[in-house]
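Report on the structure
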Amino acid sequence: AKDSGKNTYILGHIIHNPKEISRLEDKGLKTISHSDLEEIAKKDKDANIIIRAHGEPPSTYQKSAELGLKIIDATCPLVTNLQNRVRKYYELGYQIIIFGKRDHAEVIGLRGVCNDECIIIKSFEEAKQITQFDRKTVFMSQTTMDKQVFHQIKEYLNTKINDMIDLGSLDDKLLGRDTTCRAVT
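Predicted model only: the values in this text are computed from it and were never measured. (Residues numbered from 1 in each chain as written. Predicted model: local features only at pLDDT ≥ 70, side-chain atom pairs only at ≥ 80, totals over all residues. Heavy atoms only, no water.)

1. Description of the overall build of the protein chain
Scanning the protein chain from terminus to terminus reveals 7 helices and 8 strands. Its C-alpha atoms put the protein chain at 55 × 35 × 30 Å along the principal axes. A burial count over the protein chain gives 42% of its 185 residues as buried. If you take every contact in the protein chain between residues at least 6 apart in sequence, the share linking residues at least 24 apart comes to 62%. Total accessible area on the protein chain stands at roughly 10,200 Å², and carbon and sulfur atoms take up 48% of it. (Helix = DSSP H or I, 4+ residues; strand = E, 2+ residues; numbered from the N terminus. Buried < 20%, exposed > 50% of the residue type's maximum accessible area, 1.4 Å probe, protein only. Contact = heavy atoms within 4.5 Å. Areas by Shrake-Rupley, 256 points an atom, 1.4 Å probe, with all protein chains shown as cover.)

2. Some details on the pairing of strand S7 (residues 137–141)
Most of S7 is tucked away: 5 of the 5 residues are buried. Burial along S7 is two-sided: Thr137, Phe139 and Ser141 facing one way and Val138 and Met140 facing the other are all buried. Strand direction decides the pairing type here: strand S5 (residues 95–99) and S7, joined by 5 bridges, are parallel. Each residue of the ladder has a partner; that of Gln95, found in S7, is Thr137. (Pairing = 2+ DSSP bridges.)

3. Here we look at the pattern of salt bridges
Tallied over the entire structure, the rule returns 8 salt bridges. A salt bridge links Glu20 to Arg23, with the nearest nitrogen and oxygen atoms 2.6 Å apart. Note that Glu20 and Arg23 are positioned in helix H1 (residues 18–26) at a spacing of 3 residues, about one turn of the helix. Assessed through its relative accessible area of 22%, Glu20 is described here as partly exposed. What makes Arg23 partly exposed here is its relative accessible area of 38%. Here the salt bridges do not stand alone but share partners, grouping Asp103, Arg111 and Asp116 into one network. (Salt bridge = Lys/Arg side-chain N within 4 Å of Asp/Glu carboxyl O.)

4. Topic: the side chain of Thr8
Tracing the chain through its elements places Thr8 in strand S1 (residues 8–11). Reaching out from Thr8, the side chain makes a polar contact with the backbone oxygen of Ala1 at a distance of 3.4 Å. At a separation of 3.4 Å, a polar atom in the side chain of Thr8 contacts the main-chain carbonyl oxygen of Lys6. Excluding its chain neighbours within four sequence positions, the residues that come into contact with Thr8 are Ala1, Lys2, Gly28, Leu29, Lys30, Asn48 and Ile50. (Polar contact = N/O pair within 3.5 Å; in protein donor to acceptor, adjacent residues only side chain to side chain.)

As structure tokens, then:
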């Protein structure tokens with residue numbers, strides 16, 4: 001994108017590594033925030049805007065389109081798949097519980113695909129605070145969370161769900177999808 005001759009910006013830090021971010025900035029990649037989009041649209045409409053691997057909520061794509069900005073979507077395919085799953089279960093009327101960090105970019109994107117109608121927990125202790133277990137529920141994880149803790153929480157939630165979900169031969173009451181990243185694990 002940078003070699004296209006157009007200014008190239010990345011919406012948020014591309015990865016969690018200050019040294020790499022600095023190296024890429026030295027090569028001309030500029031890190032921006034959402035508040036910079038309107039200014040870029042006014043001054044640099046031909047610029048490339050890269051969506052980082054963590055993804056973005058639908059509102060970011062909509063705003064960029066309204067501003068006429070060109071998006072290069074570098075969302076990790078695992079994150080895209082997770083967003084699609086959350087959207088699907090949201091549209092099917094499931095209660096959605098996400099194991100993750102509320103303000104992490106990936107979780108902000110997940111919250112966006114379900115109109116922020118989800119429960120976000122980041123620990124086993126927070127799972128114990130959930131009180132509504134009267135409807136079909138799906139439990140998924142931010143891709144970079146701890147796999148073992150995900151399964152501990154899933155087991156706990158499984159004992160709390162009242163509404164049985166038809167899962168064929170499975171005995172689980174909770175539809176839990178391990179969406180942690182194998183490479184991170």
